[in-house]
There are 2 protein chains.
Amino acid sequence: MTTPQRGDIPHRPKVAVMEDVAELAGVSAMTVSRVLNAPEKVRPETRARVLAAVQELGYRPNSAARVLVTGRSGVLGVVSFDTTQYGPASTLYAIERAARQNEYSVSIASLDALNRKSIAEGVGRLTSQSVDGVIIVAPHESATDGLRHLPPDLPAVAVDAGDGVPFPVVMVDQHAGAARATRHLLSLGHRTVWHLSGPANWVDANARVAGWRSVLEAEGREVREPLVGDWSARSGHELGRRLALEDDLTAVFAANDQMAMGLLRALREAGRRVPEDVSVVGFDDIPEAAYFWPPLTTVRQDFATVGRLAFQLVLDRIDGVLGERRLKVEPELVVRESAGVSPPG
Amino acid sequence: MTTPQRGDIPHRPKVAVMEDVAELAGVSAMTVSRVLNAPEKVRPETRARVLAAVQELGYRPNSAARVLVTGRSGVLGVVSFDTTQYGPASTLYAIERAARQNEYSVSIASLDALNRKSIAEGVGRLTSQSVDGVIIVAPHESATDGLRHLPPDLPAVAVDAGDGVPFPVVMVDQHAGAARATRHLLSLGHRTVWHLSGPANWVDANARVAGWRSVLEAEGREVREPLVGDWSARSGHELGRRLALEDDLTAVFAANDQMAMGLLRALREAGRRVPEDVSVVGFDDIPEAAYFWPPLTTVRQDFATVGRLAFQLVLDRIDGVLGERRLKVEPELVVRESAGVSPPG
DNA sequence: TTCCCGAGTGTTTGCGATAACACTCATCCC
DNA sequence: GGGATGAGTGTTATCGCAAACACTCGGGAA
């Protein structure tokens, strides 16, 4: 037993490795490896001895060594933008959950900007860490463009991407959700529906505009130019003040709940009652939506399902299975009190 | 050159390794390694040749191999609970940002429950992935208890933990924030302040109760039993209906903005005007708080700073530097319109 | 009896990088 | 001129694990 030198800090406190376990159990390292990876190939008594030794030494396999030899890390990369927002955060959470249940863990790369370069860099940060696969949550057109320039053999899956990406895509059917919201408002007797949209170049925003527009056009209603916000309550409020000036305004479909919230306040400040004078429908169904004033009618996105499906798809890709190209999750209209019948013209 | 066998899928598409770069540049692998890790030790011309080769082959170092030999992964683990909430999500985001700026990447482990076992398991999932350090965001008493049972030599830092944990702790000074909110309400002329607290055993909730109580006691005001919510708008609404029945109610301090939102609605439904009849102050300053009706006076928590500091502290611990034991970030009172002068008794 | 087979285990090798040390010169000093 | 010096580069060993292959049995078929 070597005594520590003066001042020596035992820096790596000598953690047990496979060889130590083998020795304690009186077998070879290979047998230990087998107990851990293919227990059925080891006689039960031997297995028990090995497991006891593992327990006693508190042995944990060194993943770096395993990765080096197997080429598999059991780590999934997620690149995303602004995970403080409800949508991305929920998606990330669902992915992590699904991953955990499948013995995967997840490594994240947040993006500062949404463009080709930063996407490539985020993916690069992850792949150089030897992740087995990547899920990219970046619902922006330029991110979509970035995806097109990634190596197509990368085991990747996109969430909420536009068309023409070389990977499977999972997304909520935004078009259908927006259409549902718009139809709901028309069914209440409104002559037309205004739209408070998300920022240009966000795929969700565009799809919602398209869904909204398609219903109005199909029904032959007037299509007013959408007002473009930035998803924030602030922008909803600001644009809401402009909307409140329109006196033929009776119904508004806001592209997310935060903007709807700002809108609600602007309408109230302008003396327009909701839903008596103006009806409002949002999108997302954030947990607080039911406690807006009035409670918000909105379109619920099932992020948990999106996350789960995305994980399932990367898993398939990692295993070389070619799965669906494009999976859509149905959104659901949640009727509360912010939308009512059209006031008599 | 071996021709692929029939049916053979070239499974690992032969990515370039250091030896390939070395060969192309006409040097040894060691020199390539040096160019990458200690460029000043290599003659400029050699370095240029190597870098050109790296470029040409698209070489990326294999991190697993590097980890195996250096014992350092450049990965930071973050264990947290419910990252869909604004606070944890913001903290996580700030940590990721700080990490990225220091060439670290982050791996996450979400917890399904907050107890000793799940904390240990979360930390275990991360350490077995050879993270260099861990930040634990689990502001619950039983999580704090879990921390006490972790190996104290683990390079870990806790965010928002209770006392007596064997790691440095970073947190917003909840006590001071709550005191500030309470004092603000008293300064407006209210005789006392009610409290809508967070759930029992959450360290933030407890600290806010303590801060609120300490001010009332110091000023000799009546201390009404706090109503205990669960952070959600739903619970704020429900408890708010009970509060609305108290006719000596003039001021409420809610432990977070979501509960304040529910409370606001309950008060309005009961015909109590805010701030004319009842003043409300929240906690967090979520981005929407300014668009509540009325705009919410609240206490802003600087999660970005918390995240940055936490990262700095783990970094120190990883490097063996012994830093602060407990770092507090000052919260800030943001005055908006939901709190006003006390109505004449 | 002999041979084969396969279950169970061991030995060797290699994954891709870096640490530690060895080597080669040109330079500089006395 | 001889040796010390140090900058620049190469060689070898090693990290911890698993794949591939080798070995040792005991039992059943021929």
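Residues numbered from 1 in each chain as written. Chains lettered and ligands numbered in written order. Predicted model: local features only at pLDDT ≥ 70, side-chain atom pairs only at ≥ 80, totals over all residues. Heavy atoms only, no water.

## Details of the side chain of Ser235(A)
For step 1, the next point in the chain: The residue Ser235(A) is located in helix 10 (residues 233–243) in this model.
For step 2, the next point in the chain: Residue classification places Ser235(A) among the buried positions, given a relative accessible area of 5%. (Helix = DSSP H or I, 4+ residues; strand = E, 2+ residues; numbered from the N terminus. Buried < 20%, exposed > 50% of the residue type's maximum accessible area, 1.4 Å probe, protein only.)

## Focus on the interface of chain A and chain B
Accessible area lost during the coming together of the parts is what is often quoted as the interface size.
For step 1, the next point in the chain: Facing 52 residues of chain A, the contacting portion of chain B comprises 52 residues.
For step 2, the next point in the chain: Carbon and sulfur atoms supply 56% of the area buried between chain A and chain B, which totals about 4400 Å² over both sides.
For step 3, the next point in the chain: The interface formed by chain A and chain B holds six salt bridges in total.
For step 4, the next point in the chain: Across the pair Asp112(A) and Arg97(B) runs a salt bridge, and its minimum N-O distance is 2.9 Å.
For step 5, the next point in the chain: Counting across the interface, chain A meets chain B through 18 residue pairs in polar contact (both at pLDDT 80 or more).
For step 6, the next point in the chain: Those elements that provide at least two residues to the side of chain A that touches chain B are helix 4 (63–70), helix 5 (86–101), strand 2 (105–111), helix 6 (116–127), helix 10 and helix 11 (257–269) of chain A.
For step 7, the next point in the chain: Here the side of chain A that touches chain B is built from residues that sort into 22 nonpolar, 17 polar and 13 charged.
For step 8, the next point in the chain: In terms of strand pairing, strand 2 of chain A meets strand 2 (residues 105–111) of chain B through three bridges, oriented antiparallel. Bridge assignment links Val106(A) to a residue of strand 2 of chain B, and that residue is Ile108(B). (Contact = heavy atoms within 4.5 Å. Buried area = accessible area lost by both parts, 1.4 Å probe. Salt bridge = Lys/Arg side-chain N within 4 Å of Asp/Glu carboxyl O. Polar contact = N/O pair within 3.5 Å; in protein donor to acceptor, adjacent residues only side chain to side chain. Nonpolar A, V, L, I, M, F, W, Y, C, P; charged D, E, K, R; others polar. Pairing = 2+ DSSP bridges.)

## A look at the UniProt feature "domain: Rhodanese" (unreviewed entry) in chain A
For step 1, the next point in the chain: According to UniProt, the feature "domain: Rhodanese" (unreviewed entry) maps to residues 168–211 of chain A in the numbering used here.
For step 2, the next point in the chain: Structurally, residues 168–211 of chain A is divided into 52% helix and 18% strand, and its ends, taken at the C-alpha atoms, are 22 Å apart. (UniProt positions renumbered as here; feature names shortened; annotations may be inferred.)

## A short note on the pairing of strand 2 of chain B
Residue and element names in this part refer to chain B.
For step 1, the next point in the chain: Summarising burial for strand 2: seven of the seven residues are buried, a large majority.
For step 2, the next point in the chain: Here strand 2 shows no split at all, with Ser105, Ser107, Ala109 and Leu111 on one side and Val106, Ile108 and Ser110 on the other all buried.
For step 3, the next point in the chain: Running through helix 5 (residues 86–101), the crossover from strand 1 (residues 75–81) to the neighbouring parallel element strand 2 is right-handed. (Right-handed = clockwise from strand over helix to strand, strands pointing away.)

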